[in-house]
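Coordinate analysis (summary)
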Amino acid sequence: MDTFKKTNYHKTKTACYMGFITQAVTANFAPLLFLKFHSEYHIDLGNIALISTFFFLTQLLVDLFCAKFVDYIGYRVCIVVSELCAALGLIGLAFLPDLLPDPFIGIICSVIIYAIGSGLIEVLCSPIIEACPFENKEATMSLLHSFYCWGAVGTILISSLFFLIFGINNWKWLAVIWAIIPVVNTYNFMTCPIEHLVDSGAGMGIRNLFSQPFFWVAICLMICSGASELAMAQWASAYAESALGLSKTLGDLAGPCMFAVTMGISRMLFGKYGEQLDLMKFMSASGILCVICYLLTALSSNPVVGLVGCIACGFSVGIMWPGTISISSKAFPTGGTAMFSLLAMAGDLGGSIGPGIVGRITQNAGNNIRIGMGCGLIFPVILLFMLFLLYRENRHTPK
C-alpha cells in the first residue's frame, strides 16, 4: 500500500514538473516572435511591447483571484483549467491573428488565455507539492522551480533549432506542437492524487496574513527577487548584443538562455543537497553574489566579464523565489492558497517593475545599458536587506 501511495505522489510531482515547463513555454515562446509579428502583421513596436504587459497583468489578476476563490473551487478543477487554458492559448496564437480582423487583437486574446493558465500554474503547483508527504520540502520545492528554468532553456533552444531547420515562417506549427505539453498534462492532473494544505475555509485569510510583520518582509523579498531576476533576464540578450556585437539568435543563447541554465543549476543543487545546506545561509550568499553580478555588468570595462556577470546572476537569484516560499510555508503552516497567491503576486509585481525601470533608465541614458543595469543594482541591495530582516524575524518565529 505504501509503495502504491508513493508511486501516486510521484505522478503528482511529475505533473507539477510538467506544469512549470508549460509555464516556461507560455512565458518565453511569444517573445521569440516579436519581430516576426512586427513584419508579418505590421504591428508597431509600441503595441508589440504591450504583449508582455498583458501577460504579466493577467498573471497578477489571476494571483488575486486565487487568493480569494481557489480554496472554494478546489485545486484539481483549477489546475486542470490551467493546462487547458495554456493549450488553448498556444493554439489560438497560431490561428486567431488570421481569423480576427485585427491580428494584434488575436495575439492579445491568445496571450491572455494562456496567461490565465500560467498564473494558475504558478500559484497552485507549489501548494500541491507542499501538501504531498515528501521529505525535505525545501529541497523538493527548489527542484520543482528548477523545471521552469529547464523549460525556458528548452523553449529557446528547440524553437531556435526549429526556426533554423524549417524557417520562422512555420512558427504556427511550432505553437501547436508546444500545446501538446499542456494537453498531455491535463490528463496527469486529472488522475494524480492532490491533497490540500488546509481544510476549506480553515486557512489564514488575506487580512490575517498581512497583520503579520514577517509576512510583509516575505512579500518585499518576493518583489525584490522578481525584480532582480527579470531585470537581468529580460535585458541579458540586449546586453549580449550591444556589449559583444552578437546577432539576435546568439544574443538569446548567450544571454537569457545561459541565465536560465545557471538559475536551474542553482535550484537543482539545493534540490539535491538541501538536507545538508542551511537555506537562510544559502540565500544570503546568493544575495551577495547577486550584488556582485550587477556590479560586474554595470562597471566592468571588459564586455566578456560583464556577460559572465549576467549569466552568473541566474545562479544567484535561483533560490530566492522557492526559498521564500519554503520559509513562509514553515512560518505560516495554515497560510493556505492565499499565502501562495500573494507571494506569487509579489514576485510577478517585481518581475513587471524591474525590467521597466532598467529599460527606462537605459533609454534616458542614451541607450547605455550599463547605466541601466547600474540602477538595477538597487533591487539586489534591497533584497539583501530583506534577507537580513527575514533572518531576524525567522529567529523569533515559533517552530
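Definitions and limits used
- Residues numbered from 1 in each chain as written.
- Predicted model: local features only at pLDDT ≥ 70, side-chain atom pairs only at ≥ 80, totals over all residues.
- Heavy atoms only, no water.
- Helix = DSSP H or I, 4+ residues; strand = E, 2+ residues; numbered from the N terminus.
- Rg over C-alpha atoms; globule rule 2.2 N^0.38 Å.
- Contact = heavy atoms within 4.5 Å.
- Areas by Shrake-Rupley, 256 points an atom, 1.4 Å probe, with all protein chains shown as cover.
- Lys, Arg positive; Asp, Glu negative; His and termini not counted.
- Charge placed at Lys NZ, Arg CZ, Asp CG, Glu CD.
- Buried < 20%, exposed > 50% of the residue type's maximum accessible area, 1.4 Å probe, protein only.
- Core = buried A, V, L, I, M, F, W, Y, C linked by side-chain atoms within 4.5 Å.
- Salt bridge = Lys/Arg side-chain N within 4 Å of Asp/Glu carboxyl O.
- Phe/Tyr/Trp six-rings, centres within 6.5 Å; stacked < 30°, edge-to-face > 60°.
- Lys NZ or Arg CZ within 6 Å of the ring centre and 35° of its normal.

Observations regarding the overall build of the protein chain
When you go through the protein chain residue by residue, the secondary structure sums to 17 helices and zero strands. Taking 21 Å as the expected radius of gyration for a compact globule of 399 residues, we find that the protein chain reaches 20 Å, a close match to that expectation. Principal-axis analysis of the C-alpha atoms gives the protein chain an extent of 55 × 50 × 40 Å. Here the analysis covers contacts within the protein chain between residues at least 6 apart in sequence; of these, 83% occur between residues at least 24 apart. Total accessible area on the protein chain is roughly 16,900 Å²; 68% of this is exposed by carbon and sulfur atoms. Charge-centre separation for the protein chain: the mean point of 20 positive side chains lies 6 Å from the mean point of 21 negative side chains.

Observations concerning unusual backbone geometry
Although it is not a glycine, His42 adopts a positive phi angle of roughly 55 degrees. Residue placement: His42 occurs in the loop between helix 2 (34-41) and helix 3 (45-73). A residue is classified by how much of its surface remains accessible, and His42, at 69% relative accessible area, is exposed.

Some words on the nonpolar core
Leu124 and Phe189 are the most contacted members of the largest nonpolar core, which totals 67 residues. Among the elements that make up this core, the one with the highest residue count is helix 10 (residues 213-244) (eight residues). Ignoring any residue separated from it by four or fewer positions in sequence, one finds Phe189 in contact with Ala15, Cys16, Arg76, Ile79, Val80, Glu83, Cys125, Ile128 and Ile194. Counting 29 residues, the second largest nonpolar core, distinct from the first, contains Val25, Ala30, Ile48 and Trp171.

Brief notes about the pattern of salt bridges
One pass over the full model with this rule turns up four salt bridges. A salt bridge links Asp98 to Lys172, with the shortest nitrogen-to-oxygen separation between them at 2.4 Å. One end of the pair, Asp98, is in helix 4 (residues 75-99); the other, Lys172, is in helix 7 (residues 171-178), with 74 residues separating them in the sequence. A relative accessible area of 44% means that Asp98 is categorised as partly exposed. As a salt-bridge pair, Lys330 and Glu138 come within 3.0 Å of each other at their nearest N and O atoms. With Lys330 in helix 14 (residues 320-331) and Glu138 in helix 6 (residues 137-166), the pair connects residues that are 192 residues apart, well separated along the chain. According to the relative accessible area criterion, Glu138 is buried, its value standing at 16%.

Remarks on the packing of aromatic side chains
Counting across every chain of the model gives 13 aromatic pairs. Plain terms: the ring middles of Phe55 and Phe56 are 5.5 Å apart, the flat faces sit at 85 degrees to each other, and that makes the pair edge-to-face. In this pair, the class of Phe55 matches that of Phe56, namely buried. By the ring-pair criterion, three or more aromatic residues cluster together here, those being Phe210, Phe214, Phe215, Trp216 and Phe332. Sitting over the face of the ring of Phe134, Lys13 holds its NZ or CZ atom 4.4 Å from the ring centroid.

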